[in-house]
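Remarks on the overall topology
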Amino acid sequence: QVQLVESGGGLVQPGGSLRLSCAASGSIFSITAMGWYRQGPGLQRDLVARIRGESSPSYADSAKGRFTISRDNAKNTVYLQMNSLKPEDTAVYYCNAQISGGWGRLPSDYWGQGTQVTVSS
């Protein structure tokens, strides 16, 4: 079993910052990729940022220049630093990870429970 536990959401004023964290635990042999998605009210779940292996991170256009994704491999943790937040960033943010449970096993997709980010004055 694998668990992804998110933290760091909350209420922030426009222009403010938040840092989300997501820690993976359980039967982890290797983590192929980790990322963040978000889902606003009545909208689909969309990619915000993703980091895969040693490749450069990828970002949604809406996140470029404002958000930074990083990863601590020793802690199996991914972070999302969000600056210059806007009301349209309001959403539930979900952590995603592709994790293999053993040698030769294909990675499976795992999701966190979601953390609410509200940007409002």
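Up top you'll find the structure we're talking about.
Presented here is an overview of the structure given in this document.

Rules of the game
- Just so you know, the residues in each chain are numbered from 1, in the order the chain's sequence is written.
- The model is predicted, so local features are restricted to residues of pLDDT at least 70 and side-chain atom pairs to those at 80 or more, both for listing and for counting; the totals for chains, interfaces and linings are taken over all residues.
- Based on all heavy atoms of the structure, the side-chain values leave hydrogens and waters out of the count.
- The definition used for a disulfide is geometric: two cysteine sulfur atoms within 2.5 Å.
- Each helix corresponds to a stretch of at least 4 residues labelled H or I by DSSP, and each strand to a stretch of at least 2 residues labelled E; elements are numbered beginning at the N terminus.
- Burial classes follow relative accessibility: with a 1.4 Å probe on protein chains only, a residue under 20% of its type's maximum area counts as buried, one over 50% as exposed, and anything between as partly exposed.
- Here, the term nonpolar core denotes a set of buried Ala, Val, Leu, Ile, Met, Phe, Trp, Tyr and Cys residues that are joined through side-chain atoms within 4.5 Å.
- We call two residues in contact whenever any of their non-hydrogen atoms come within 4.5 Å of each other.

Under the criterion given, the structure shown has 1 disulfide. Across a sulfur-sulfur distance of 2.1 Å, cysteine 22 and cysteine 95 are joined as a disulfide pair. Across the S-S bond linking cysteine 22 and cysteine 95, the dihedral sits near -80°, which makes this disulfide left-handed. Residue cysteine 22 is located in strand E3 (residues 18–26), and its partner cysteine 95 is located in strand E9 (residues 91–100); the two are separated by 73 residues in the primary sequence. Residue classification places cysteine 95 among the buried positions, given a relative accessible area of 0%.

Turning our attention to the nonpolar core. Trp36, Val48, Phe67, Val78, Leu80, Met82 and Tyr93 are the most contacted members of the largest nonpolar core, which totals 27 residues. Here this core gets 5 residues from one element, more than from any other, and that element is E9. Once residues lying within four places of it in the same chain are set aside, the contact partners of tyrosine 93 are Glu6, Leu20, Trp36, Tyr37, Arg38, Val48, Phe67, Leu80, Met82, Gly114, Thr115 and Val117.

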